[in-house]
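Understanding the architecture of this molecule
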Amino acid sequence: MKQNIKAYALELGVDDVGFAAAAGYDSPLTPALDTIFPGARTLIVMAFREASHCESENMRIAMGGRLAIMDFMKSSSYKLSHLLEREYGAKAMMIPMSYPSDISPEAKFGLIGDFSHRHAAIAAGLGSWGRHNLVIHPTLGARVLFSTILTDIELAADPPVTQELCTGCNLCVESCPGNALASEGKTEQMKCLVHSQPYGIGANIRFWKRFVDTPPEDQKKMLATPEYMRLYQASFIGYQYHCFKCYSVCPIGR
Ligand code: B12
Ligand code: SF4
Ligand code: SF4
């Protein structure tokens, strides 16, 4: 069954698939698995290699490519969960790639996911941690995104990657425009966000605070500025990333 599931996903165009036991998923900061799916026994983690659009200095091109891969991730996750339910009588739940997220203060306003795909990828033998705190896949490298399906069927777990894939070249640390990777093993999230999501919730709140304090005539002008239009575009895209540096400069697998 495991080989058939993997073959199906690879046939869809997914780059790699790994399996982990629910008990092998160890992500101390995110909620326990049974708050999502009490009967979950296996994690099926899919890896998707991002193409070179993430290298572009034109952030519309980089984000356009990201939106495409996210669409593909969603459709692959949907199809695989459907196969598990239809062919194997399993219960299957797909985990969103990044959002919707829990934007309560307990989840640091969206900075702690309901589930950690990186920890799942590690448990499923799909890679090891890099200095940039991202998971590096043995052949696909660092430019890889993950999505996970939880299921109640039991499938044998894949062995962990024991090899150290990060060479410690420090390129990711040196290229980070926000100096968010200075401390080993920790991404300083606010320093990252200023660069990676300049039109995110922080910028949105700042705009609307200024707006309510502005006389009506000038409010109209504020709505015709590039600042407002960028916020508007980012809000319908979802998250609009403006930095991919640590992810794209990593030489592993390029
Ligand atoms: C919230 C979030 C963010 C936040 C916070 C990131 C963070 N530090 O956790 C912000 C907005 C800053 C962010 C930025 C980015 N993100 Co992001 N993000 C997420 C999200 C939605 C949840 C992550 C989460 O819950 N973190 C909180 C908990 C789990 O983290 P943690 O336990 O504290 O673990 C951290 C450290 O302790 C450390 N760590 C833990 N154990 C160990 C062990 C060792 C040995 C080491 C070295 C480190 C280490 O690594 C973690 C990173 O800080 C996930 C999707 C998901 N649901 O998993 C994507 C996700 C992590 N993001 C991803 C990416 C690609 C990015 C960006 C490159 C942005 C972009 N342009 O795409 C940057 C990279 C920033 C970086 N170098 O860390 C990918 C990572 C893929 C990969 N190859 O690993 C994910 C998995 C999305 C996906 N579905 O593929 N992200
Ligand atoms: S996404 Fe950009 S700002 Fe965030 S940690 Fe990576 S290089 Fe730094
Ligand atoms: S850029 Fe260099 S230091 Fe950073 S994760 Fe990749 S190999 Fe490791």
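What counts as what
- Residues numbered from 1 in each chain as written.
- Chains lettered and ligands numbered in written order.
- Predicted model: local features only at pLDDT ≥ 70, side-chain atom pairs only at ≥ 80, totals over all residues.
- Core = buried A, V, L, I, M, F, W, Y, C linked by C-beta atoms within 7 Å.
- Buried ≥ 20, exposed ≤ 12 C-beta atoms within 10 Å, placed from the backbone.
- Helix = DSSP H or I, 4+ residues; strand = E, 2+ residues; numbered from the N terminus.
- Domains from an automatic or database assignment.
- Contact = placed C-beta atoms within 7 Å.
- Near = placed C-beta within 6 Å.
- Nonpolar A, V, L, I, M, F, W, Y, C, P; charged D, E, K, R; others polar.
- Pairing = 2+ DSSP bridges.
- Axes fitted to C-alpha atoms, helices over the stretch in contact; angles between N-to-C directions.
- Expected span 1.5 Å × (residues − 1).
- Parallel < 35°, antiparallel > 145°, perpendicular 65-115°, else oblique.
- Left-handed = near helix turned anticlockwise from the far one by under 90°.

An unreviewed UniProt entry lists the protein under the name Epoxyqueuosine reductase QueG, with Geobacter argillaceus as the source organism.

Formed by 54 residues in total, the largest nonpolar core has its most connected members in L43, V45, A120, A121 and A124. Among the elements that line this core, the one with the most residues is strand β2 (residues 42–49), at 6 residues. Among the domains, domain 1 (1–166) and domain 2 (171–237) are the pair contributing at least three residues each to this core. Leave out the neighbours within four places in its chain, and V45 touches G18, A20, A120, A121, A124, L126, F146 and T148.

So, about the site of ligand 3. Surrounding ligand 3, one finds 14 residues, the nearest of these being G130, C166, C169, C172 and C250. A breakdown of the residues in the shell around ligand 3 according to their chemical character gives 8 nonpolar, 5 polar and 1 charged.

Glancing now at the sheet that holds strand β6 (residues 144–151). Taken in spatial order, the 4 strands of this open sheet run β1-β2-β6-β3, and their pairing is antiparallel. Of all the strands in the sheet, the pair left with one neighbour each is β1 (16–21) and β3 (92–94). Here the strands of the sheet are splayed against their neighbours by 25° on average, with no regard to which way each runs. Against the sheet, helix α1 (residues 2–12) contacts β1 and β2, and its axis sits at roughly 145° relative to β1.

Below, the discussion takes up helix α2 (residues 59–88). With 30 residues, α2 ought to run about 44 Å at 1.5 Å a step, and its terminal C-alpha atoms sit 42 Å apart, in line with that. Residues of α2 that are buried: A62, M63, R66, M73, S76, S77, L80 and L84. Summarising the contacts, the buried residues of α2 are in contact with α1, β2, β3 and β6. Just downstream of α2, G89 is the residue with a positive phi angle, here 60°.

The next subject is the packing of α1 against α2. Direction vectors running N to C along α1 and α2 enclose 150°, while the axes themselves pass 11 Å from each other. When the interaxial angle is binned, α1 and α2 end up roughly antiparallel. In this structure, α1 crosses over α2, and the sense of that crossing is right-handed. Contacts between α1 and α2 involve Y8, A9 and L12 from the first element and S76, K79, L80 and L83 from the second. When its residues are assigned to classes, the contact of α1 with α2 shows 5 nonpolar, 1 polar and 1 charged.

Our focus in this paragraph is the site of ligand 1. If you check the shell around ligand 1, you find 35 residues, and the closest are G113, N133, L134, L145 and T187. At the level of secondary structure, the elements contributing two or more residues to the shell around ligand 1 comprise α3 (117–123), β6, α5 (189–196) and α9 (245–249). Classifying every residue of the shell around ligand 1 gives 19 nonpolar, 14 polar and 2 charged. A domain split of the shell around ligand 1 shows at least three residues from each of domain 1 (1–166) and domain 2 (171–237).

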